[in-house]
Amino acid sequence: RGDVFSEDLVLPDPEAWNSLPPGPPTAEQLKLRRTGLTDTERAAVLDQLAAHLEYKRDHLLGYQVNADMGGYAEDLGRFLRTHINNIGDPFANGGLKVNSKVVEQAVLAYFAELWHGKPYAPTDRESCWGYVLSMGSTEGNMYALWNARDYLAGRRLLGEEGPDSNSLTYADPHDATPDNPAYQPVVFYSEDTHYSFSKAVRVLNLPTFGEMGRGRYPTECPINGGVWPDDVPSALPSGTDRDERYSTFGPGSIDVDALVAVVDFFAGKGHPIIVNLNFGSTFKGAHDPVREVADRLLPVFYRHGLIDREIHYGQGRRSDRRRGFWIHVDGALGAGYVPFLARAEKEPKYGYTPQVPVPEFDFGVRSRFAPHDAEPVELDMVASIVVSGHKWLGAPWPCGILLTKVKYQMQPPSTPDYIGSLDTTFAGSRNGFSPIVLWDHLARTSEGKQVSLAVHSQRMAAYLVEQLHKVEAYRRLKFAEDSLFVDRTPLAITVRFRRPSARLVAKWSLSTVSQRMRPGDDSGIRHLAHVFLMASTTQEKVDAFVADLYAYDAFDAID
Ligand SMILES: COC(=O)[C@H](CCSC)/N=C/c1c(COP(=O)(O)O)cnc(C)c1O
């Protein structure tokens, strides 16, 4: 590539990237009639739709979508002739025999092992149970919070004899009263958390620590100047303190000191604790430090008796013991590729040296705490993990995998005989095609290929940072423009920068946010965009995008 100031800049083939975008079919063309459409009309609509979506697919840079559909059409087209429905539990064949549960089980076993867990074995409480999601990680996050809520609120575990009454509530009615915090879990997640969590806590009627704090302990907030926030603050850039800089400048990971302070507060009040950790956060691609959080929270849980609680039920005549905390890892993006970065880090043949050590995040995270006056405690700290199938893995539609452990499974709300299986998942009908797509992807993508793709993605992210700095230097000189605010969190596969013009945001399907640089100060709002460098992102595509940023009208004047 020539020097950014020379006129002989080598640009990718403009025709390939700058042809006029074919629009979608018109509303008139799409209008459905009782009589149906003629074959010619239908073909015209589908041809136009295909041209439009293929153009947008080839120009998509702003979302975590792997555009490589890896031959699914050739391999799997035949399965479109069959309705495949995995209704019920993945490990119970059930009444609807046209299902792909044997395939689903193979996919679940792959991820159980990839995430240092044990494949499902019904009698092994430490083994992993889960299912292939019919929505994406939103469903998995919601399921994990539901499971955590009921586990910590003392409801009945799967397979355990119910208390005298048939109620699903385990804890004694007089125990589980509104003013008894022992059965009222509190949820903690950072301000960089995906919006599926604020939706999930609303659906599940789970209080965030801010709501619980404002309601019950209004004057006791240990962080944020005594004012209860709803989210745990995210970390600041290293070396700055809170009042000087705002976490907008930060890497996007959680502020562990703040998390420990608020968890310690609520655990001290007797509440069971639910913590979500982001692993590949939505806008900055940050990875919360799962190992550090686990190691620092274990002593807190120990100190407040949350390692091994006694749950009373059946009018106090019986009891059960279970832990009083739940750590969920929202690995929608990162749980798909970080395991392979870890392999690249360990194996010199890949020639990859990460910017920072590749973090742990999964069922292999075990923490140890040695109290001075008792036996040491060592525990597996992660209770559930989710990954989207349509992000890193490249499924053609939303799907995902949720894994937890047999020891946390709850008794389902009902036992519908007519599905021939326990109703252990979130959905009723479940997509039976998704497990086949995921299986096909994993069967054709060896571990070595996965490692190469993960390293390629890191290299493309570093390359884009370099190219954006060249654009910034050029525009400063040519148009006397200000910074492009180029930033990339270490190990993230996304790069963020100043939002380009509306035309370019639409052309490249960029995802944008507007962020205050100071709490409450609207004067310094920054309009940012990001690009995700997925396994399918080629250098040519990055070059074509960067080439567009040299145009005089590539950015709106900073308002
Ligand atoms: C703005 O970008 C998004 O909302 C994308 C989904 C669109 S890209 C496929 N992220 C979804 C996401 C989700 C929800 O995943 P999905 O339900 O699979 O879309 C959960 N957790 C994190 C950290 C996420 O980033």
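Here the structure is shown first, and the text comes after it.
Now for a look at the structure at hand. Bear in mind that the values here come from a model prediction, so they are computed numbers and not experimental data.

Scoring rules and cut-offs
Residues numbered from 1 in each chain as written. Predicted model: local features only at pLDDT ≥ 70, side-chain atom pairs only at ≥ 80, totals over all residues. Heavy atoms only, no water. Helix = DSSP H or I, 4+ residues; strand = E, 2+ residues; numbered from the N terminus. Buried < 20%, exposed > 50% of the residue type's maximum accessible area, 1.4 Å probe, protein only. Areas by Shrake-Rupley, 256 points an atom, 1.4 Å probe, with all protein chains shown as cover. Lys, Arg positive; Asp, Glu negative; His and termini not counted. Charge placed at Lys NZ, Arg CZ, Asp CG, Glu CD. Phe/Tyr/Trp six-rings, centres within 6.5 Å; stacked < 30°, edge-to-face > 60°. Lys NZ or Arg CZ within 6 Å of the ring centre and 35° of its normal. Salt bridge = Lys/Arg side-chain N within 4 Å of Asp/Glu carboxyl O. Pairing = 2+ DSSP bridges. Axes fitted to C-alpha atoms, helices over the stretch in contact; angles between N-to-C directions. Contact = heavy atoms within 4.5 Å. Near = heavy atom within 4 Å. Polar contact = N/O pair within 3.5 Å; in protein donor to acceptor, adjacent residues only side chain to side chain. Nonpolar A, V, L, I, M, F, W, Y, C, P; charged D, E, K, R; others polar. Parallel < 35°, antiparallel > 145°, perpendicular 65-115°, else oblique. Patch = residues over 30% accessible without salt bridge, like charges linked within 9 Å, V, L, I, M, F, W, Y side chains within 5 Å.

On to the overall build of the protein, then. Each helix and strand in the protein was counted, giving 15 helices and 13 strands. Based on the C-alpha atoms only, the size of the protein along its principal axes is roughly 85 × 65 × 50 Å. Here the protein holds 559 residues, and 52% of them are scored as buried. As presented, the protein carries roughly 24,700 Å² of accessible surface, and 54% of it is formed by carbon and sulfur atoms. Treating the 59 positive side-chain charges of the protein as one cloud and the 71 negative ones as another, the clouds have centres 2 Å apart.

Bringing the packing of aromatic side chains into the picture now. Inspection of the entire model under this criterion finds 32 aromatic pairs. With a centroid separation of 4.0 Å and 25° between ring planes, the pair formed by Phe-91 and Tyr-120 is classed as stacked. In this pair, Phe-91 is assigned in the loop between α4 (72–76) and α5 (101–114) and Tyr-120 in the loop between α5 and β1 (128–133), connecting sequence segments 29 residues apart. Seen from their ring centres, Phe-279 and Phe-361 are 4.5 Å apart, and the 25° between their planes marks the pair as stacked. With a gap of 82 residues between them, Phe-279 in the loop between β3 (273–278) and α10 (290–303) and Phe-361 in the loop between α11 (334–346) and β7 (366–369) connect regions that are remote in the sequence. The pair Phe-279 / Phe-361 is uniform in exposure class, with both members buried. Members of the aromatic cluster, joined through ring pairs, are Phe-188, Phe-209, Tyr-217, Trp-228, Phe-265 and Phe-266. Over the aromatic face of Tyr-151 sits the side chain of Arg-322, whose NZ or CZ is 5.1 Å from the ring centroid. The residue whose ring lies beneath Arg-526 is Phe-485, and the NZ or CZ to ring-centre distance is 3.8 Å.

On to the pattern of salt bridges, then. Working definition: two side chains of opposite charge can pair if their charged atoms are close together. Counting across every chain of the model gives 31 salt bridges. Asp-522 is paired through a salt bridge with Arg-516; the nearest N and O atoms lie 2.5 Å apart. Classification of Arg-516 as partly exposed rests on a relative accessible area of 39%.

A sheet is described by the order of its strands in space; here six strands give the open sequence β1-β10-β9-β6-β3-β2, paired in mixed fashion. Each edge of the open sheet carries a strand with a single partner, namely β1 and β2 (186–188). Strand-to-strand, the axes of this sheet are offset by a mean angle of 15°, without reference to chain direction. Contacting β3 and β6 (325–330), α10 runs over the sheet at an angle of about 170° to β3.

Examined against the element boundaries, Asn-205 turns out to sit in the loop between α7 (196–203) and α8 (209–216). According to the relative accessible area criterion, Asn-205 is exposed, its value standing at 69%. Taking the C-alpha atoms as reference, Asn-205 lies 30 Å from Pro-251; in sequence the two are 46 residues apart.

A few words on the sheet that holds strand β11 (residues 494–498). Read from one edge of the open sheet, three strands run β11-β13-β12, paired in antiparallel fashion. On the outer flanks of this sheet lie β11 and β12 (511–515), each paired with one strand and no other. Strand-to-strand twist in this sheet, taken as the mean axis angle between neighbours without regard to direction, amounts to 30°. When β11 meets strand β13 (residues 526–532), the two strands line up antiparallel, connected through five bridges. Residue pairing in the sheet places Phe-497 in a bridge with Ala-529 of β13. Taken strand by strand, helix α13 (residues 447–479) contacts β11 and β13, and its axis lies near 20° from that of β11.

Taken together, 16 residues lie around the ligand, and Ser-137, Thr-138, Thr-282, Asp-330 and His-390 are the ones closest in. One of the side-chain nitrogen or oxygen atoms of Thr-138 is found 2.7 Å away from an oxygen atom of the ligand. Within the side chain of His-390, one N or O atom sits 3.1 Å away from an oxygen atom of the ligand. About the coverage of the ligand: the protein hides 85% of its 570 Å² of free accessible area. Among the elements that take part in the shell around the ligand, helix α6 (residues 137–152) stands out by supplying three residues, more than any other. For the shell around the ligand, the residue count by class is four nonpolar, ten polar and two charged.

Examined against the element boundaries, Asn-85 turns out to sit in the loop between α4 and α5. In terms of polar contacts, Asn-85 uses its side chain to reach the side chain of Ser-429, at 3.0 Å. The contacts of Asn-85, once residues within four sequence positions are left out, are Leu-96, Val-98, Asn-99, Ser-429, Arg-430 and Gly-432.

Here we take up the pairing of β3. Among the six residues of β3, six are classified as buried, and the element is accordingly described as predominantly covered. Where burial is concerned, the two faces of β3 agree: the one with Ile-273, Val-275 and Leu-277 and the one with Ile-274, Asn-276 and Asn-278 are both buried. With six bridges connecting them, β3 and β6 associate as parallel partners. Note that in β6 the partner of Ile-274 across the bridge is Trp-326.

Next up on the list: the packing of α11 against α13. Axes are the key here: two packed helices are described by the angle between their axes and the distance separating the axes. At a minimum axis separation of 8 Å, α11 and α13 run at an interaxial angle of 95°. The pairing of α11 with α13 is recorded here as roughly perpendicular in orientation. Residues Tyr-337, Phe-340, Leu-341, Arg-343 and Ala-344 of α11 form the contact with α13, whose participating residues are Glu-447, Gln-450, Val-451, Ala-454, Val-455 and Gln-458.

Let us look at a nonpolar patch on the surface. Taken together, the side chains of Leu-46, Leu-49 and Leu-53 define a hydrophobic patch exposed on the protein surface, amounting to about 260 Å² of accessible area. Tracing the backbone shows Leu-53 in helix α3 (residues 39–59). The partly exposed category is assigned to Leu-53, whose relative accessible area is 48%.

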